[in-house]
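Report on the structure
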2 protein chains.
Amino acid sequence: MALRTGDHSQAATNGLKEKVLTLDTMNPCVRKVEYAVRGPIVLRALELEQELRQGVKKPFTEVIRANIGDAQAMGQTPITFLRQVLALCVHPDLLNSPHFPDDAKRRAERILQACGGHSLGAYSISSGTQLIREDVARYIERRDGGIPADPNNIFLSTGASDAIVTLLKLLVAGEGGTRTGVLIPIPQYPLYSAALAELNAVQVDYYLDEERAWALDVAELRRALLQARDHCRPRALCIINPGNPTGQVQTRECIEAVIRFAFEEGLFLLADEVLAGAPAGRGRRAAARAPVTHPAVARPPVQVYQDNVYAEGSQFHSFKKVLTEMGPPYATRQELASFHSVSKGYMGECGFRGGYVEVVNMDAAVQQQMQKLRSVRLCPPTPGQVLLDVAVSPPAPSDPSFAQFQAELGLAPDMFFCLRLLEETGICVVPGSGFGQREGTYHFRMTILPPMEKLRPLLETLSQFHAKFTREYS
Amino acid sequence: MALRTGDHSQAATNGLKEKVLTLDTMNPCVRKVEYAVRGPIVLRALELEQELRQGVKKPFTEVIRANIGDAQAMGQTPITFLRQVLALCVHPDLLNSPHFPDDAKRRAERILQACGGHSLGAYSISSGTQLIREDVARYIERRDGGIPADPNNIFLSTGASDAIVTLLKLLVAGEGGTRTGVLIPIPQYPLYSAALAELNAVQVDYYLDEERAWALDVAELRRALLQARDHCRPRALCIINPGNPTGQVQTRECIEAVIRFAFEEGLFLLADEVLAGAPAGRGRRAAARAPVTHPAVARPPVQVYQDNVYAEGSQFHSFKKVLTEMGPPYATRQELASFHSVSKGYMGECGFRGGYVEVVNMDAAVQQQMQKLRSVRLCPPTPGQVLLDVAVSPPAPSDPSFAQFQAELGLAPDMFFCLRLLEETGICVVPGSGFGQREGTYHFRMTILPPMEKLRPLLETLSQFHAKFTREYS
């Protein structure tokens, strides 16, 4: 018998009323979402922390988060210059303080000039402050040896995740056998699987080759694509380079092969380049023809750790650079979106949620739709925009803050080990310098939270990494 | 003839290749999204700004954004105490500065203690920093006269929009005639229509009664619901109180009637209370039984403009308070989500994207799913979390910053007029004090960007508001 309004009411009074929203009635796509990085282990870790606070005795006194690439939570200190500029923007009274260097003040004033009401408290335009998008474009040009970047193709975002989800949203369409499929690497960063589940798109797995240091193989891409065409319409190919959590860096030849494959098969390319390390690190490869239009932003010849850590011959190449240098028809037709963020690299400013995407060869009408879609969320958080701006244009040698900025990028050996471990294996441990150690000795600290079946491979990975690290740097 | 891989490639080389992503192939739900607040007018305004910068002559020298509730872009200055605490958190070296008051330092230290690595650069947990959710819970308890609030039911978010979209995501399900319908007021804030279009949910309009100052009428809710049941499954009712863009404040009786209606009809209640004005403003109604567990956060007896502006008898009541006071079965069964943000009210800190949602009577398993869904986006931006924390717990009378904080909440008459105009009509103009004016006179400035057919009703609304304002405050 169907319930009418009166019956509903009666059932409710009798305590029989069902909730509106239950596991059975909620969005089935959300139920399918899995997100291991913050799954049950992390929820249990939270409970443990509360128990510890309440004085419950445990075999450990503190929970160490080895689950997520969160450098500052693990003791990495922020870069002073970034925080100085942001503090000045947040509280402009400090512009009168003698305790801030002039270049930080000039930067803050320049950014505030570009903000509505000269305040971070105003919304920016939806794609992000124009000036900051221009600075990002100049950074990309330096990174790519002078290949032009258009600020109108750059959208600032709330971390890279936000931009990735926006692109996936645009791409999903169709029903049943024509539903959009997206090729993603396995292992992958679980944002992709989670977002695809939420959008009810089809996740198409291609496997990285662990035997060849997690290299990407076009034959495997083709296998995955052909199999997927039986049950969905694959329309996008996602590449994570450098790999997350696998840390491999693709060769130029591999990138070219991937681009040819995407072009021939009609796939939109999504290049997740957030682990491409320190933007400044690529400054020394800047070509003389890079147009630098903002006098306040000089080309940075800063060298940071990213240049040192990758094995010889494994230089980072951006997908956009390779695509452009391949010439037509690839350079003029292949659709590409490249993502970056301030959470990784030398900044490690995860909590501020700054990031961007650059789109290349996107259909103009679709780009307008993307603009519209972004505008519904008003704007990315302004503090993350500020940090992004400083990250893509660090102090130049003539700037008062240059020396300190350089010095802060030097890493203690144990910090360097832990950062490499994190970048290459995804294992997050704590450098011994955070606890004090006898001079000339170096340690790290880790906890043993995961269950045995997860701990064993973790310890094996750690052992392999340690052997490799010792080989490389001794 | 179907194209095979080789043909694709040939077609491409001949320049015949279609883009992967075009208006025809993109997500059809995204195409349906409309977002008037940042639509074509705003895009044209951006172009105009660029032309002005390039020296093109126009009948005006500056574009004034009267399109969005962005107080600081319109000249409202930030509250010093909020920015001091945030600057201290961003750049903790300032904790040694004699130029910051002790209470701001204590606040910053307390917040940093609760952050991973004592840094805003670390991710917080996905639902937001535990300490800040506890402070928000205490604020809600003060607001509601001591009715308990559980920090575990509070999720911090990237502005209120983010939280609203999360709830809608959980609610959408079904296909065709069983697709989720959501009742929204007309006029509404266009986030709702945009998000529903994107999620392919069914927008069910109910009309506010302009003749009765945009009041909400349960008979009209029922009409809309019954009609909608022919083609969808209405599962949620969205209420915007105070109204946006209409500014009306619901009476307690009206809220009770809405709750009974939602309960009887099996609707999840979404209460958008972001225009509920200054959190501090309700402190003086705090009941003695509100449990205040954090010694650093005293109950604020601050009085702010919200208490003065609404017409007599139109006190703000939160849906949660009314729901709880109605007793069982409503208090124990009716599902509710209430949204708030730091963009509105006395803070006006739009750019920082701080906000929260409190869920009431949500099914425990669904709440876990919500937690999981939130975790995919890692965490809300930490600076917005900090501002939210300070906004919900402003300085107490014994604090050194109390006097200045109080003073900054006093508004010049023209600022007051403009804020009221904005809150009640959505028209954003600039107070004359921003340009200088003869003492004792008050002005505002507006531009005439919109086309004639939009300008006429705008000017009529303005004229009506002016008459009403003069009546009320003379």
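None of the values given here were measured: they were computed from a predicted structure. (Residues numbered from 1 in each chain as written. Chains lettered and ligands numbered in written order. Predicted model: local features only at pLDDT ≥ 70, side-chain atom pairs only at ≥ 80, totals over all residues.)

This paragraph deals with the overall build of chain A. In terms of regular secondary structure, chain A is built from 18 helices and nine strands. Counting every position in chain A, which comprises 474 residues, the buried fraction comes to 51%. A separation of at least 24 residues holds for 68% of the contacts in chain A among residues at least 6 apart in sequence. (Helix = DSSP H or I, 4+ residues; strand = E, 2+ residues; numbered from the N terminus. Buried ≥ 20, exposed ≤ 12 C-beta atoms within 10 Å, placed from the backbone. Contact = placed C-beta atoms within 7 Å.)

The transform that puts chain B on chain A rotates by 180 degrees and translates by 0.0 Å along the axis, for an RMSD of 0.1 Å. Accordingly, the operation relating the two chain copies is best matched by a two-fold axis. Across chain B, the rotation axis passes nearest the C-alpha of Ala87(B), at a separation of 2.4 Å. Same-surface contact between copies: 97% of interface residues of chain B are shared with the interface of chain A. (Least-squares fit on C-alpha atoms with pLDDT ≥ 70 in both.)

With that settled, consider helix α14 (residues 364-375) of chain A. With twelve residues, α14(A) should cover 16 Å at 1.5 Å per step; its first-to-last C-alpha distance of 17 Å lies within 8% of that length. Of the residues making up α14(A), those classed as buried are Val366(A), Gln369(A), Met370(A), Lys372(A), Leu373(A), Arg374(A) and Ser375(A). The inward-facing, buried residues of α14(A) abut β1 (154-158) and α7 (159-171) of chain A together with α2 (28-32) of chain B. (Expected span 1.5 Å × (residues − 1).)

Ranked by size, the top nonpolar core spans 220 residues in total, and within it Leu168(A) and Leu168(B) carry the most contacts. Apart from the residues lying within four places of it in its own chain, the contact partners of Leu168(A) are Val182(A), Ala195(A), Leu196(A), Leu199(A) and Ala201(A). (Core = buried A, V, L, I, M, F, W, Y, C linked by C-beta atoms within 7 Å.)

What follows covers the sheet that holds strand β7 (residues 354-360) of chain B. All names here are of chain B. On the basis of which strands lie adjacent, the open sheet formed by seven strands has the order β1-β7-β6-β5-β4-β2-β3 and mixed pairing. In this open sheet, the two edge strands, each paired with only one partner strand, are β1 (154-158) and β3 (202-207). If you compare each strand with its neighbour and ignore which way they point, the axes differ by 25 degrees on average. With five bridges connecting them, strand β4 (residues 233-240) and strand β5 (residues 268-272) associate as parallel partners. Counted as the bridge partner of Ala236 is Phe268 from β5. (Pairing = 2+ DSSP bridges. Axes fitted to C-alpha atoms, helices over the stretch in contact; angles between N-to-C directions.)

Relative to the assigned elements, Phe60(B) resides in the loop between α3 (40-53) and α4 (80-90). Put simply, Phe60(B) and Leu95(B) are 35 residues apart on the chain and 45 Å apart in space, counted from C-alpha to C-alpha.

Before going further, it helps to spend a moment on the packing of helix α6 (residues 130-143) of chain A against helix α15 (residues 382-392) of chain A. Residue and element names in this part refer to chain A. One can describe the packing of α6 onto α15 by two numbers: an axis separation of 9 Å at closest approach and a directional angle of 30 degrees. Here α6 lies roughly parallel to α15, going by the angle between them. In terms of crossing hand, the pair formed by α6 and α15 is left-handed. When α6 is examined against α15, the residues Ile132, Asp135, Val136 and Tyr139 are found in contact with a partner set consisting of Gln385, Leu388, Asp389 and Val392. Taken together, the residues of the contact of α6 with α15 sort by class into five nonpolar, one polar and two charged. (Parallel < 35°, antiparallel > 145°, perpendicular 65-115°, else oblique. Left-handed = near helix turned anticlockwise from the far one by under 90°. Nonpolar A, V, L, I, M, F, W, Y, C, P; charged D, E, K, R; others polar.)

With that out of the way, let us pick up the interface of chain B and chain A. Each partner contributes to the interface: chain B provides 93 residues, whereas chain A provides 90 residues. At the level of secondary structure, the elements contributing two or more residues to the side of chain B that touches chain A comprise α1 (5-13), α2, α4, α7 (159-171), α8 (191-198), α10 (252-265), α14 (364-375) and α15 (382-392) of chain B. Looking at side-chain class alone, the side of chain B that touches chain A contains 44 nonpolar, 30 polar and 19 charged residues.

Let us now look at the environment of Asp162(B). All names here are of chain B. Mapped onto the secondary structure, Asp162 falls in helix α7. You can call Asp162 buried: it has 24 C-beta atoms within 10 Å. Between the C-alpha atoms of Asp162 and Cys418, which are 256 residues apart in sequence, the distance is 27 Å.

This paragraph deals with the pairing of strand β2 (residues 180-186) of chain A. All names here are of chain A. Counting buried residues in β2 gives six out of seven residues, a clear majority hidden from the surface. Two strands pair when backbone bridges link them, and β2 and strand β4 (residues 233-240) are joined in this way by four bridges, in the parallel orientation. Residue pairing across strands places Thr180 opposite Arg233, the latter belonging to β4. Strand direction decides the pairing type here: β2 and strand β3 (residues 202-207), joined by six bridges, are parallel. Across the sheet, Ile184 pairs through a bridge with Asp205, a residue of β3. The β-α-β motif built from β2, the intervening helix α8 (residues 191-198) and the parallel element β3 has right-handed crossover chirality. (Right-handed = clockwise from strand over helix to strand, strands pointing away.)

The next thing to look at is the confidence of the model for chain A. Residue and element names in this part refer to chain A. Per-residue confidence for chain A gives a mean pLDDT of 79; residues scoring 70 or more make up 79%. Across chain A, element-level confidence peaks in helix α12 (residues 319-325) with a mean pLDDT of 96 and bottoms out in helix α11 (residues 306-309) with 32. Per-residue pLDDT stays below 50 along residues 1-12; that stretch engages in 13 contacts with residues further than four places along the chain or on separate chains. Across residues 278-312, where pLDDT falls below 50, the model places 68 contacts with residues more than four positions away in sequence or in other chains. Interface scoring of the predicted complex returns ipTM 0.71; its pTM is 0.74. (pLDDT = per-residue confidence, 0-100.)

Residue and element names in this part refer to chain A. Following the sequence through the fold, Gln404 ends up in helix α16 (residues 402-409). Given 15 C-beta atoms within 10 Å, Gln404 falls into the partly exposed group. Along the primary structure Gln404 and Phe81 are separated by 323 residues, whereas in three dimensions their C-alpha atoms are 8.2 Å apart.

Moving on: the packing of α7(A) against α8(A). For any two helices packed against each other, the geometry is given by the interaxial angle and the distance between the axes. Residue and element names in this part refer to chain A. Relative orientation of the contacting elements α7 and α8 amounts to 40 degrees, with a least axis distance of 10 Å. Viewed along their axes, α7 and α8 adopt a mutual orientation that is oblique. Regarding α7 and α8, the two cross each other, and that crossing is right-handed. When α7 is examined against α8, the residues Ser161, Ile164, Val165 and Leu168 are found in contact with a partner set consisting of Leu191, Ala195 and Leu196. Residue classes in the contact of α7 with α8 are distributed as six nonpolar, one polar and no charged.

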